[in-house]
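Coordinate inspection notes
Single-letter residue listing:
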Amino acid sequence: MSSRTGWGVFGANLALELTARGILPVPFIEPLDLDLPPEKMATLAPALKLQKQAPAMISPETDRVLTCPYPLLHALGNGLTTTKVSRKLSGQPDIGMVFMEDGRIDDIVRKRAERYRLILAGSQWNADLLRAGGIDHVQACPQGVDTALFSPDGPARDFDGRFTVFSGGKLEYRKGQDIVIAAFRRLLEHQPDALLAAAWHNYWPDPAPWPSAHVTGQPRQGDDRRLQLAEWVAANGIPARNFLDLGAPTNAEMATIFRGATLGLFTNRAEGGTNLVAMEAMASGLPAILSANTGHLDLISAGNCYPLTEQGSAAATADFVAVDDWGESDPEAAAVLLRQAHDNPSEATRIGLAGSRSLQQWSWHDRIGHMLELIQEIT
């Protein structure tokens, strides 16, 4: 559970929704930067108390597995790998929740899948990927959004009336921030006062160089683990006056940023889930440019965003080998949409409101309810 990472926000809202339904959640992993309103923290108090006791139940010195007499939900990543804690636990039954970007599915991955009675996939793309790889016990189960917090109504951050392009998601190659930089550079040729507001903080930055022709180098990490974004962006052609490092805002702070910005730009190459940041931005009424690939496809419908429909082939990296289904957006195409939104503000407003209406159907209450229906079918 966290207020600053996608997995963490998912975990916190899962725990809140379970508690609201009279189901006591037992978290086995310590929260990271969990910063919620007092009433939500009070709701989670029983779960947080149990979490403090959880490490004592697991023996780090032996291979002994603790069997829990209730369904256990395991976080799964690429290759259906899971955490050290999950490997020490067994549920009745075990259920996987997967967000994966690497499409490699071999006999080892299929063997790992056998552990789980059911695998819940964070996007339709992930569900299709697993089924194509011979794993049939999977259901698409996209995440939700806090529709009470993320809506067009409420306080907005003041960006001094500037045309403000928001870009969010932890800085890494698959999120496509290099394409954002290249597109925004082109926008500055037509709108020199535009502002790029970035929430790119990443606790675990990519260790290897990106296979990208759009940027050079990567930002350094300071002693406080904060990425030195401004100097990196300046070295790649965006002056300091046109860039704002938003740092690592909490989930609640993001709502005011979305309502104050003009446009969201999400040129992601791959999303195993449905991109929580994009969902929250759209729910808040922010017109969004979305790359039409992978998990983003679940969000895109007629008139609810600016889709980047032309998708090229992305390059593989040391961490991501099977990237055939990824997409590569053209920075010039993104810049065209940026200029279109700038020149047609009434159209952008209509698109933003349509996006908000479509995402209001994705509340955490409804999405976790759907998850519980799927789990009940097998228990």
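To be clear, the structure that these remarks concern was listed above.
Residues numbered from 1 in each chain as written. Predicted model: local features only at pLDDT ≥ 70, side-chain atom pairs only at ≥ 80, totals over all residues. Heavy atoms only, no water.

With respect to the sheet that holds strand β5 (residues 118-121)
Through backbone hydrogen bonds, the strands of a sheet pair up, either in parallel or in antiparallel fashion. Here is the rule: Strands are labelled as partners when DSSP assigns at least two bridges between them. Strands are runs of DSSP state E lasting at least 2 residues, helices are runs of H or I lasting at least 4, and numbering of each runs from the N terminus. Orientation is described by axes fitted as lines to C-alpha atoms, over the contacting stretch for helices, and by angles from 0 to 180 degrees between their N-to-C directions.
Taking strand neighbours across the sheet as the criterion, the four strands line up as β2-β4-β5-β6 in an open arrangement whose pairing is parallel. Edge positions in the sheet fall to β2 (72-76) and β6 (138-140), since each of these pairs with one other strand and no more. Strand-to-strand, the axes of this sheet are offset by a mean angle of 25°, without reference to chain direction. Here β5 runs beside β6; their pairing, made up of three bridges, is parallel. Bridging from a neighbouring strand, Leu-120 pairs with Gln-139 of β6.

Let's talk about helix α10 (residues 331-343)
The condition that has to hold: Working rule for helices: expected span equals 1.5 Å times residues minus one. Residue exposure (1.4 Å probe, protein chains only): buried if accessible area is under 20% of the type maximum, exposed if over 50%, otherwise partly exposed. The contact rule is simple, with two residues in contact once any of their heavy atoms fall within 4.5 Å. In protein, a polar contact requires one atom able to donate a hydrogen and another able to accept it; more generally it is a pair of N or O atoms within 3.5 Å, and residues adjacent in sequence count only if both atoms are side-chain atoms.
Helix length check: α10, at 13 residues, gives a terminal C-alpha distance of 18 Å against a target of 18 Å (1.5 Å per residue), a fit within 8%. For α10, the full list of buried residues reads Pro-331, Ala-334, Ala-335, Leu-337, Leu-338, Arg-339 and Ala-341. On its buried face, α10 is in contact with β7 (164-168), α6 (177-188), β10 (263-266), β11 (288-291), β12 (306-308) and α11 (345-359). The N-capping residue of α10, defined by a side-chain oxygen 3.0 Å from the backbone nitrogen of Glu-332, is Asp-330.

Observations regarding the packing of helix α1 (residues 6-20) against helix α12 (residues 364-378)
For clarity, the threshold we go by: Roughly parallel covers angles under 35 degrees, roughly antiparallel covers those over 145, roughly perpendicular covers 65 to 115, and oblique covers all other angles. We call Asp, Glu, Lys and Arg charged. Ala, Val, Leu, Ile, Met, Phe, Trp, Tyr, Cys and Pro are nonpolar, and the rest, Gly among them, are polar.
Viewed as axis vectors pointing N to C, α1 and α12 meet at an angle of 80°, and their least axial separation amounts to 10 Å. As judged from the angle between their axes, α1 and α12 are roughly perpendicular. Between α1 and α12, the contacting residues are Val-9, Phe-10, Asn-13, Leu-14, Glu-17 and Leu-18 on the first element and Trp-364, His-365, Ile-368, Met-371 and Leu-372 on the second. Residue classes in the contact of α1 with α12 are distributed as eight nonpolar, two polar and one charged.

Comments concerning unusual backbone geometry
Residue Pro-93 is bonded to the preceding Gln-92 through a cis peptide linkage, with omega at 5°. Within the element layout of this structure, Pro-93 appears in the loop between β3 (89-90) and β4 (94-98). Not every positive phi belongs to a glycine, and Asp-33 is a case in point at roughly 50°. Backbone geometry places Asp-160, a non-glycine residue, at a positive phi of 60°. Mapped onto the secondary structure, Asp-160 falls in the loop between β6 and β7.

A few points about the packing of aromatic side chains
Defined as follows: Each pair of aromatic rings taken from Phe, Tyr and Trp, with Trp reduced to its six-membered ring, is defined by centres within 6.5 Å and is described as stacked if the planes are under 30 degrees apart, edge-to-face if over 60, and tilted in the remaining cases. By definition here, charges over rings are those cases where NZ of Lys or CZ of Arg is within 6 Å of the ring centre and within 35 degrees of the ring normal.
Here the structure, examined in full by the defined rule, presents 13 aromatic pairs. On the basis of an interplanar angle of 45° and a centroid distance of 6.0 Å, the ring pair of Trp-200 and Phe-243 is categorised as tilted. Of the two residues, Trp-200 sits in the loop between β8 (195-199) and α7 (229-235) while Phe-243 sits in strand β9 (residues 243-245), which places them 43 residues apart along the sequence. In this structure, Trp-200 and Phe-243 share a single accessibility class: buried. For the ring pair Phe-320 and Trp-326, a centre distance of 5.1 Å and an interplane angle of 55° mean the geometry is tilted. Under the relative-accessibility criterion, Phe-320 is labelled buried at 9%. Looking at Trp-326, the relative accessible area reads 4%, which means it is buried. In this structure an aromatic cluster arises from ring pairing among Tyr-173, Trp-200, Trp-210, Trp-232, Phe-243, Phe-320 and Trp-326. Lying across the ring of Trp-362, Arg-367 places its NZ or CZ 5.6 Å from the centre.

Notes on the pattern of salt bridges
When their charged atoms lie close together, side chains carrying opposite charge are able to pair. Cut-off, in case you're wondering: What counts as a salt bridge is simple: a side-chain nitrogen of Lys or Arg found within 4 Å of a carboxyl oxygen of Asp or Glu.
Scanning the model with the defined rule gives 20 salt bridges in all. Two residues, Arg-104 and Asp-102, come together in a salt bridge whose shortest N-O distance is 3.7 Å. Notably, a salt bridge pairs Lys-170 with Glu-172, separated by 3.0 Å at the nearest N-O pair. Judged by its relative accessible area of 7%, Glu-172 is buried.

Describing the sheet that holds β9
One open sheet holds the six strands; their spatial order is β9-β8-β7-β10-β11-β12, and the pairing between them is parallel. The open sheet terminates on both sides in strands that have one partner only, identified here as β9 and β12. If you compare each strand with its neighbour and ignore which way they point, the axes differ by 20° on average. This element, α6, spans β7, β8 and β10 of the sheet and lies at about 170° to β7.

Considering the side chain of Arg-259
Test applied: As used throughout, the charge tally considers Lys and Arg to be positive and Asp and Glu to be negative, leaving His and the chain termini uncounted.
For Arg-259, the location among the structural elements is in helix α8 (residues 251-260). The buried charged residue Arg-259 lacks any salt bridge, with Asp-153 as its nearest oppositely charged partner at 7.7 Å.

A closer look at the packing of α6 against α10
In plain terms, the rule: Rotating anticlockwise by less than a right angle from the far helix to the near helix defines a left-handed crossing, while the corresponding clockwise rotation defines a right-handed one.
For the pair α6 and α10, interaxial distance at closest approach is 8 Å and the crossing angle is 50°. In terms of their interaxial angle, α6 and α10 are classed as oblique. Viewed along their axes, α6 and α10 form a crossing whose handedness is right-handed. Counted together, Ile-179, Ala-182, Ala-183, Phe-184, Arg-186 and Leu-187 of α6 and Pro-331, Glu-332, Ala-334, Ala-335, Leu-338 and Arg-339 of α10 form the full contact between these two elements. For the contact of α6 with α10, the per-class residue count stands at nine nonpolar, no polar and three charged.

Side note on the pairing of β5
Which entries qualify depends on this criterion: Here, the term right-handed applies to a crossover whose path from the first strand over the helix to the second runs clockwise when the strands point away from the viewer.
The alternating pattern of β5 places Leu-118 and Leu-120 and Ile-119 and Ala-121 on opposite faces, both of which are buried. With four bridges joining them, β4 and β5 adopt parallel strand pairing. Counterpart to Ile-95 in the pairing with β5 is Leu-118. For the handedness criterion, the β-α-β arrangement of β4, helix α4 (residues 107-113) and β5 is classed as right-handed. Note on the crossover from β5 through helix α5 (residues 124-132) to β6: the handedness is right-handed.

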